[in-house]
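Per-entry structural report
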Amino acid sequence: MADKKDTNKENQLNIELQDKVAEGEYANLVMIAHSAEEFIMDFIRVMPGVPSGRVKSRIIVTPAHAKRFLRALADNVERYERAHGEIHVPAGPGATIEFGGGNVGRA
């Protein structure tokens, strides 16, 4: 019978973070679409005064993973606000931010 120490090693997941990915990408807009089988999240960078944006990353996940992501993000926002204070966002659905070239909806 395997002891607890051996079981932990078997359940361990090694994740590689390459240098280029570790630098990250800045995105200030996300557009989300879904089908019966997947959620698609396009992370976009929009610059002030520029009438177009560029998708910096597209992430595709299963519906179950999308729900786990939602819960994990909500948990992290809650912990952030306990440590740093409430995050203030514009009221109402589809709130917009002015970028000089017109309003852009953001999530």
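It should be emphasised that the depicted structure is a prediction, and the values quoted were computed from it without experimental measurement.

Parameters at a glance
- Residues numbered from 1 in each chain as written.
- Predicted model: local features only at pLDDT ≥ 70, side-chain atom pairs only at ≥ 80, totals over all residues.
- Heavy atoms only, no water.
- Pairing = 2+ DSSP bridges.
- Helix = DSSP H or I, 4+ residues; strand = E, 2+ residues; numbered from the N terminus.
- Axes fitted to C-alpha atoms, helices over the stretch in contact; angles between N-to-C directions.
- pLDDT = per-residue confidence, 0-100.

**Section: the sheet that holds strand S3 (residues 53-61)**
Two pairing modes exist for strands in a sheet, parallel and antiparallel, and in both the strands are linked by backbone hydrogen bonds. Taken together, three strands build an open sheet; the order of strands is S1-S2-S3 and the sheet is antiparallel. In the strand order of this sheet, the two ends are held by strand S1 (29-34) and S3, each with one partner. Strand-to-strand twist in this sheet, taken as the mean axis angle between neighbours without regard to direction, amounts to 20°. Here eight bridges tie strand S2 (residues 39-46) to S3, and the two strands are oriented antiparallel to one another. Bridge pairing links Asp42 to Arg58 in S3.

**Looking at the confidence of the model for the protein chain**
Per-residue confidence for the protein chain gives a mean pLDDT of 85, with 78% of residues at or over 70. By mean pLDDT, the top-scoring element of the protein chain is helix H3 (residues 63-84) (98), and the lowest-scoring one is strand S5 (residues 103-105) (49).

**Regarding the pairing of S1**
The sheet contact formed by S1 and S2 spans six bridges and is antiparallel. Across the sheet, the residue bridging to Ala33 is Ile40, located in S2. Connecting the antiparallel pair S1 and S2 is a turn made up of four residues.

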